[in-house]
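Listed here are the chains, written in short residue letters.
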2 protein chains.
Amino acid sequence: MTTRALPQPDRKEIRVETVLQALGEPVRLQIVRALADAPEGIACGDIELPVTASTRAHHLRTLREAGVLSTHTEGTRRISTLRREDLETLYPGLLTGVLAAQR
Amino acid sequence: MTTRALPQPDRKEIRVETVLQALGEPVRLQIVRALADAPEGIACGDIELPVTASTRAHHLRTLREAGVLSTHTEGTRRISTLRREDLETLYPGLLTGVLAAQR
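From a predicted model like this one, the values you see are computed outputs, not experimental measurements. Along each chain, the written sequence defines residue order, and numbers are assigned to residues from 1. Chains and ligands are labelled sequentially in the order written, the chains with letters from A and the ligands with numbers from 1. For this predicted model, a pLDDT threshold of at least 70 governs which residues receive local features, and a threshold of 80 or more governs which side-chain atom pairs are given and counted, while totals over whole chains, interfaces and linings are taken from all residues. Hydrogens and waters are ignored; side-chain quantities use all the structure's heavy atoms.

**Q** Let's hear about the relation of the copies chain B and chain A: which residues, and what values?
**A** Turning chain B through 180 degrees and shifting it by 0.0 Å along the axis lays it on chain A, with an RMSD of 0.0 Å. Viewed as a symmetry operation, the transformation between the two copies matches a two-fold axis. Here 100% of the interface residues in chain B have copies in chain A that are interface residues too; the copies meet face to matching face. The fit set for superposing copies consists of C-alpha atoms from residues with pLDDT of at least 70 in both; the fit itself is least squares. Pairs of residues are marked as contacts when any of their non-hydrogen atoms sit within 4.5 Å.

Written as structure tokens, this is what we have:
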């Protein structure tokens with residue numbers, strides 16, 4: 001099966017303002033929480049979200065372009081993973097703090 | 001001298017999305033960095049910022065209403081402090097991670 005990584009910023013290109021903006025939206029935060037519970041990655045369609053497919057795709061793209069998650073295709077599926085190591089290296093504690101928030 | 005606290009959310013009213021949105025703006029992040037270096041508080045006008053007074057006031061208000069900082073008046077001055085303890089209790093690590101970001 002062919003896998004292909006979708007474009008994303010290198011670690012050194014990630015900007016904290018962009019990450020914070022990406023995280024500061026309820027649906028995107030829900031996506032990040034789901035990914036945090038699935039270190040092996042999760043198919044985009046498998047995250048339960050109260051939004052249309054196009055809104056879901058938009059949010060996933062915003063998170064990917066901010067540097068929060070990576071997405072690759074496996075055949076027709078898109079699998080996303082959290083860029084935990086990159087974020088922890090750049091902003092130690094940030095993601096842990098965000099995930100500690102009560103829902 | 002009369003001091004008066006400006007309105008702000010109680011700790012339990014603070015929402016992580018609102019905090020992230022408040023932090024995800026370059027000038028507001030600059031304010032937060034300045035406050036992090038001044039635990040005793042800082043007069044709003046004393047923070048060097050590349051914006052007009054009204055924009056500055058708007059950003060300070062956004063941060064206060066999000067729960068990121070407290071402001072009180074001392075006579076005609078407005079002194080702001082970071083709500084470090086509240087943020088650290090709610091989202092342990094978040095502020096440290098944000099402040100670790102390269103400028």
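Anyway, onward from the coordinates.
**Q** I'd like a rundown of the sheet that holds strand β4 (residues 77-82) of chain A, residues and numbers included.
**A** All names here are of chain A. Two strands pair under a simple rule: DSSP has to find at least two bridges between them. Going along the chain from the N terminus, every DSSP run of H or I of four or more residues is numbered as a helix, and every run of E of two or more is numbered as a strand. The strand order across the open sheet built from four strands is β1-β3-β4-β2, with neighbouring strands paired in antiparallel fashion. In the strand order of this sheet, the two ends are held by β1 (3-5) and β2 (42-43), each with one partner. For β2 and β4, the ladder comprises two bridges, and the chain directions are antiparallel. Considered in β4, the bridge of I42 is made with S80.

**Q** Describe the interface of chain B and chain A, listing the residues and the values that go with them.
**A** Chain B puts 20 residues into the contact, and the matching count from chain A is 20 residues. Reported buried area values correspond to the accessible surface (1.4 Å probe) lost by two parts on association, with both partners' losses combined. Approximately 1,400 Å² of surface area, both sides summed, lies buried where chain B meets chain A, with 74% of it carried by carbon and sulfur atoms. When residues of chain B are sorted by the area they lose upon contact with chain A, B:E17, B:L20 and B:G24 head the list and together hold 32% of the total. Salt bridges, as used here, are contacts in which a Lys or Arg side-chain nitrogen is within 4 Å of a carboxyl oxygen on Asp or Glu. Inspection of the chain B/chain A interface yields zero salt bridges. Definition of a polar contact: a pair of N or O atoms within 3.5 Å, with one able to donate and the other able to accept a hydrogen when the atoms are protein atoms, and with sequence-neighbouring residues admitted only if both atoms are side-chain atoms. Across the chain B-chain A interface, the total number found is four residue pairs in polar contact (both at pLDDT 80 or more). Where the side of chain B that touches chain A is concerned, the elements lending two or more residues are α1 (16-23), α2 (26-36) and α5 (94-99) of chain B. Ranked by the residues each element gives to the side of chain B that touches chain A, the list is headed by α1(B), at five residues. Looking at the side of chain B that touches chain A, its residues break down into twelve nonpolar, five polar and three charged. Each residue gets one label: Ala, Val, Leu, Ile, Met, Phe, Trp, Tyr, Cys and Pro are nonpolar, Asp, Glu, Lys and Arg are charged, and the others, such as Gly, are polar.

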